[in-house]
Amino acid sequence: MFKINPYRPGAGLMPVYIAGRDEDIQNVDQMFEALRMNIPTQSVIFSGLRGVGKTVLINKLQANAEEKGIFCKHIEVEERNDFISQIAECAQAFLRKVSAKEKFKHLVQKPLDAIRSLVISFNPEDITFSLAVQDRELYVSKNLTQSLTEVFTTMGETAYKTETPICFFIDEIQYMKQDQLGSLIAALHRTNQLGYPVMIVGAGLPKIYKMLSDEKSYSERLFVYKKIDSLTSEQSQKAIEEPAKKFHVTYTKEAIEKITRVTKGYPFFIQQLCKIVYNNTDKNTIGEIDVDCNIEEFLQELDEGFFKSRYERCAESDKKFIFAMVKCGELPCTISNVAKNLGKNVGSISTTRAQLISKGIIYPVRYKELDFTVPEFSGYIQRLDEYKQWNES
């Protein structure tokens, strides 16, 4: 028999109740108000581990911005997808919206020419603009920063004149190519200098802070940085209790404490465990024993989905590196201890380290220290027979 379940674990799925993010939502909403008044504001970057709810948060903020009449577009950066083509499509969508009003049609040509130049120069496989050879040469540029800045500033000028502010929501920023990231920062910086109402709300893994600061020194002034972490005990309680209230289901204090301990307050884990417990319990009050009975299924779900999908992206050398990190005992661990556990010198494992950082599996916490981007990933590794055999050899 089908049972309605109020818990929604998934990649970016909006939960029934968003716990612990009220302050972040209110702060960014104030920035949106400034943008609506044609006042340029700092952009926002959220960072955190997998499963803390970064995508959920920026999806909620996008919904709020759209309610305020801000033109919004969501971009998810992927290793395989080209960011330039995505930003060009978003810019074209903005121009279509503006040109729908007769009195603004004359404002479209300048930004459209800038988009043509960007696409023709840096995404040559795109056939959006079919031009004769001699015409194409007019739009060719060899400078990505200059081309992207032209797109942003001309769009910004149009946004200002039409009183249609723009906000791009960019998820998984850590997958951006370094040159494209640098060009994006420069383009946004110049647009803000000119007083145009364009901003970015971005999200990514912890390494994005270093990526941004390494690319442009002024990025620290351009963005408001906010770390998104696991929920406090009080916030976890609300994430557990609130979704079930409309179904007149409650939790005992002991059950809440057990769920919070097992999940460590990570929103995705809370949603996953509560979904299983709720599905398997036919009571109006869920107790600690009900939680205990479902922990094994909870771990199996995580192992087969959340953890396994990331582990299987790793080459054999990557896996051995991961095993060596887990063998260190406490995380974060130093690169020298990882090398020691592998029986190698630090220099010989630097390529594998860089590959794992690029894949979003690990990240540098402090100088020469590493941790996993996925919460409780070390526990999953310890449960693997492959790790046990490696550790015993």
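In case you missed it, the structure is sitting above this.
Some details on the sheet that holds strand β10 (residues 369-372)
Next, step 1: Sheet architecture is open: 3 strands sit in the order β8-β10-β9, paired in antiparallel fashion. In this open sheet, the two strands that pair with only one neighbour each are β8 (333-334) and β9 (362-364).
Next, step 2: Of the strand pairs in this sheet, β8 and β10 are connected by 2 bridges, and their pairing is antiparallel. Looking at the pairing, Thr 334 lines up with Glu 369 of β10.

Regarding the packing of aromatic side chains
Next, step 1: One pass over the full model with this rule turns up 23 aromatic pairs.
Next, step 2: With centroids separated by 5.5 Å and ring planes inclined at 85°, the aromatic side chains of Phe 269 and Phe 306 adopt a geometry described as edge-to-face. Here Phe 269, found in helix α12 (residues 267-279), pairs with Phe 306, found in helix α14 (residues 295-311); they are 37 residues apart in sequence, far enough to count as distant. Of the two residues examined, Phe 269 and Phe 306, each falls in the buried class.
Next, step 3: Each member of the aromatic cluster is reached from another via a ring pair, and the members are Tyr 266, Phe 268, Phe 269, Phe 298, Phe 306, Phe 307, Tyr 311, Phe 372, Phe 377 and Tyr 380.
Next, step 4: Its end group placed over the ring of Tyr 278, Lys 3 keeps NZ or CZ at 4.6 Å from the ring centre.
Next, step 5: The ring of Phe 306 has Arg 310 sitting right over it, with the charged end atom 4.6 Å from the ring centre.

The rules we used
Residues numbered from 1 in each chain as written. Predicted model: local features only at pLDDT ≥ 70, side-chain atom pairs only at ≥ 80, totals over all residues. Heavy atoms only, no water. Pairing = 2+ DSSP bridges. Helix = DSSP H or I, 4+ residues; strand = E, 2+ residues; numbered from the N terminus. Phe/Tyr/Trp six-rings, centres within 6.5 Å; stacked < 30°, edge-to-face > 60°. Buried < 20%, exposed > 50% of the residue type's maximum accessible area, 1.4 Å probe, protein only. Lys NZ or Arg CZ within 6 Å of the ring centre and 35° of its normal.

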